[in-house]
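# Residue-level structural notes
Spelled out, the chains give:
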Amino acid sequence: MENYFNNIINKTESEELSFDDIKFLLSLEDKNLLDKLFKKAYECKLKHVGNKVFFRGIIEFSNICKKDCYYCGIRKSNSNVERFIMDENDIINSAIWAHKQEFGSIVLQSGERCDENYVELVERILLKIKEVTNNELGVTLSLGEQTKQTYQRWYNAGAHRYLLRIETSNKSIYNKIHPENHLFEERLQCLYDLKEIGYQVGTGVMIGLPFQSTDDLVNDILFFKKMDVAMIGMGPYIVHKETPLAQYFENFDEMKEYQLNLGLKMIAVTRLFLKDVNIASTTALQTLDPIGREKGLLAGANIIMPNISDVRYRKNYQLYDNKPCLDENANLCRMCLEGRILHIGEKIGFNEWGDSPHFKKNN
Ligand code: SAH
Ligand code: SF4
């Protein structure tokens, strides 16, 4: 087994890994081999994207959502959630704060809405942020499925990256975790539209979903390659008790370590396979382990998305249970993160947009 492992690990730079190679790596359980895998992925990151971690301050500005994804805590049907939308000026002020903190870029995220009021609001916010930061602050959007015209308007207003997870590349699982009017093909089409417009596109999946096999995860990684995306944002699936999908996990607490390791393995193998893309170490990892995000960086990720939303709103933006840092303000969050990152020997890319070398090469 160790020999087979070494063979695979030693060829990652010179040869493309096969389906079976990837599957073998994702199936590893041996602690010793896992450590070696993470080390190799970390070396691969250093070689292809360097030792800088980029911050994307994330502003979760509204939990109003017209969709009903079976896994998500802020789905339309969850009537326990108090709905909010941040005040326009508060959103802009958060962006200004991020700029002053020298975060090179921010992410605007919310539930999905497609009405004209909302589209205009986002457009105004983008124009304003670009104006007040002298076009220095990069803006990524994570606002779900929209028409191509809307994507184009937001692009024209200054957004240059878009995150839209495919959630799973297996259509039959996609159909099981969404209501029937949420279409896999439409989500896929959105990714094509975004690329065509010129966005740097990020996608990703939830890891450890019910119905998902290791083969599915291999296919997810092959999907990332086929889509030729610039960034990957993926994280372990975490139960939210008030959602339909929770019924498949009676004792999620017992699964935590498994989900965490699967998440880390996906990061490591994706790094080894795609090499020069940006990969986020997501908050879901930190939910499963207090130092989960650092573990993600050490397994090959190079992006962190600190939450810079106003603390007042955070308790109502719970996509899954036990989301961390609910009562920690943005300042504390920054200081805490900086210390954590320097501690593991990484640098922080202040004042840089931090585009992936992959995107730069392709453009
Ligand atoms: N509405 C937008 C953006 C907000 S949701 C959209 O859906 O694209 C952002 C991401 O949160 C989703 O893509 C999904 O992958 C993730 N998410 C939602 N519920 C989750 C859960 N229970 N566990 C882990 N990730 C979850
Ligand atoms: Fe809405 Fe996004 Fe949650 Fe789906 S995952 S319910 S679109 S916020």
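Scope of this entry: the structure provided in the associated data block. (Residues numbered from 1 in each chain as written. Chains lettered and ligands numbered in written order. Predicted model: local features only at pLDDT ≥ 70, side-chain atom pairs only at ≥ 80, totals over all residues. Heavy atoms only, no water.)

### Some points on the site of ligand 2
Applied cut-off: Only a single heavy atom is needed: when it lies within 4 Å of a molecule or strand, its residue is near that molecule or strand. Residue classes follow a fixed rule: Ala, Val, Leu, Ile, Met, Phe, Trp, Tyr, Cys and Pro count as nonpolar, while Asp, Glu, Lys and Arg count as charged, and any other residue, Gly among them, counts as polar.
Lining the immediate environment of ligand 2, one finds C65, K67, C69, Y71, C72, I74, R75 and G111. Class assignment of the residues belonging to the shell around ligand 2 gives a composition of five nonpolar, one polar and two charged.

### A word on the environment of Y248
Just so we agree on the cut-off: Only DSSP runs of H or I reaching four residues or more are called helices, and only runs of E reaching two or more are called strands; each is numbered from the N terminus. The contact definition used throughout considers only heavy atoms, calling two residues in contact when any of these lie within 4.5 Å.
Its location among the elements puts Y248 in the loop between β8 (235–236) and α10 (252–274). Apart from residues no more than four positions distant in its own chain, Y248 is found in contact with P210 and F211.

### Some remarks on unusual backbone geometry
What counts is decided by this rule: Under the scheme applied here, a residue whose accessible area is under 20% of the maximum for its type counts as buried, over 50% as exposed, and between as partly exposed, the area being computed with a 1.4 Å probe on protein chains only.
Not every positive phi belongs to a glycine, and K275 is a case in point at roughly 65 degrees. Mapped onto the secondary structure, K275 falls in the loop between α10 and β9 (278–281). At N351, a residue that is not glycine, the phi angle is positive and equals roughly 60 degrees. Relative to the elements of secondary structure, N351 occurs in the loop between β11 (347–348) and α15 (357–362). Accessibility expressed as a relative area gives 48% for N351, which makes it partly exposed.

### Topic: helix α5 (residues 116–132)
Heads up, the rule is: The span expected for a helix works out to 1.5 Å for each residue beyond the first.
A rise of 1.5 Å per residue sets the reference length of α5, with its 17 residues, at 24 Å; its end C-alpha atoms lie 24 Å apart and thus fit the reference within 8%. Among the residues of α5, those classed as buried are Y118, V119, L121, V122, E123, I125, L126, I129 and K130.

### Section: the packing of aromatic side chains
The line we're drawing: A pair of aromatic rings is counted whenever rings of Phe, Tyr or Trp (Trp by its six-membered ring) have centres within 6.5 Å, and the orientation is called stacked for planes under 30 degrees apart, edge-to-face for over 60 and tilted otherwise.
One pass over the full model with this rule turns up 16 aromatic pairs. On the basis of an interplanar angle of 80 degrees and a centroid distance of 6.5 Å, the ring pair of Y237 and F252 is categorised as edge-to-face. With Y237 in the loop between β8 and α10 and F252 in helix α10, the pair connects residues that are 15 residues apart, well separated along the chain. Residue Y237 is classed as buried on the basis of its relative accessible area, which comes to 1%. Classification of F252 as buried rests on a relative accessible area of 10%. Three or more aromatic residues joined by ring pairs form one cluster here, namely F55, W97, F103 and F350.

### Examining the pairing of strand β1 (residues 52–62)
Our working rule: The pairing criterion for strands is at least two bridges between them, as found by DSSP.
In terms of burial, β1 is largely enclosed, as ten of its eleven residues are buried. As paired elements, β1 and β11 share two bridges and run parallel to each other. Along β11, the bridge assignment pairs V53 with I348. Where β1 and strand β10 (residues 303–304) come together, two bridges link them in parallel fashion. Within β10, the residue paired with F54 across the bridge is I303. Across six bridges, the pairing between β1 and strand β2 (residues 105–110) is parallel.

### So, the site of ligand 1
Our working definition: What qualifies as a polar contact is a pair of N or O atoms within 3.5 Å, subject to a donor-acceptor requirement within protein and to the restriction that residues adjacent in sequence count only when both atoms come from side chains. Only the protein chains shown count as cover for residues, and all accessible areas are computed by the Shrake-Rupley method using a 1.4 Å probe.
In the vicinity of ligand 1 lie 18 residues, with Y71, S110, R165, E167 and I238 positioned nearest. Within the contact set of ligand 1, an oxygen atom lies 2.8 Å away from a side-chain nitrogen or oxygen of R165. Taking 540 Å² as the accessible area of ligand 1 by itself, protein coverage stands at 92%. Of the residues that constitute the shell around ligand 1, the class distribution is nine nonpolar, five polar and four charged.

### Quick notes on the pattern of salt bridges
The line we're drawing: Salt bridge, as applied in this entry: a Lys or Arg side-chain nitrogen positioned within 4 Å of an Asp or Glu carboxyl oxygen.
This structure, assessed with the given rule, holds 27 salt bridges. Two residues, D321 and K241, come together in a salt bridge whose shortest N-O distance is 3.4 Å. Linking D321 in the loop between α13 (311–314) and α14 (330–343) with K241 in the loop between β8 and α10, this pair joins segments that are 80 residues apart in sequence. D321 sits in the buried class, given a relative accessible area of 16%. On the basis of relative accessible area, K241 is assigned to the exposed category, the value being 67%. One salt bridge connects K256 with D253, and the closest N-O pair in it is separated by 3.6 Å. In this pair, K256 and D253 both sit in helix α10, three residues apart, roughly one turn of the helix. When its relative accessible area of 24% is taken as the criterion, K256 is described as partly exposed. If you follow the salt bridges from partner to partner, you end up with K66, K67, E112, E145, E167 and R187 in one network.

### A short note on the packing of helix α4 (residues 88–100) against α5
Filter applied, for reference: Lines are fitted to the C-alpha atoms to define the axes, a helix being fitted only along its stretch in contact, and any angle between axes, read from their N-to-C directions, falls within 0 to 180 degrees. The handedness criterion is simple: a crossing whose near helix is rotated anticlockwise from the far helix by less than a right angle is left-handed, and one whose near helix is rotated clockwise is right-handed.
Packing of α4 against α5 leaves a shortest axis separation of 10 Å and a crossing angle of 35 degrees. Between α4 and α5 lies a crossing of right-handed hand. Counted together, E88, I91, I92, A95 and I96 of α4 and L121, R124, I125, K128, I129 and V132 of α5 form the full contact between these two elements. Of the residues that constitute the contact of α4 with α5, the class distribution is eight nonpolar, no polar and three charged.

Such coordinate-based values are descriptive only and should not be taken to indicate function.
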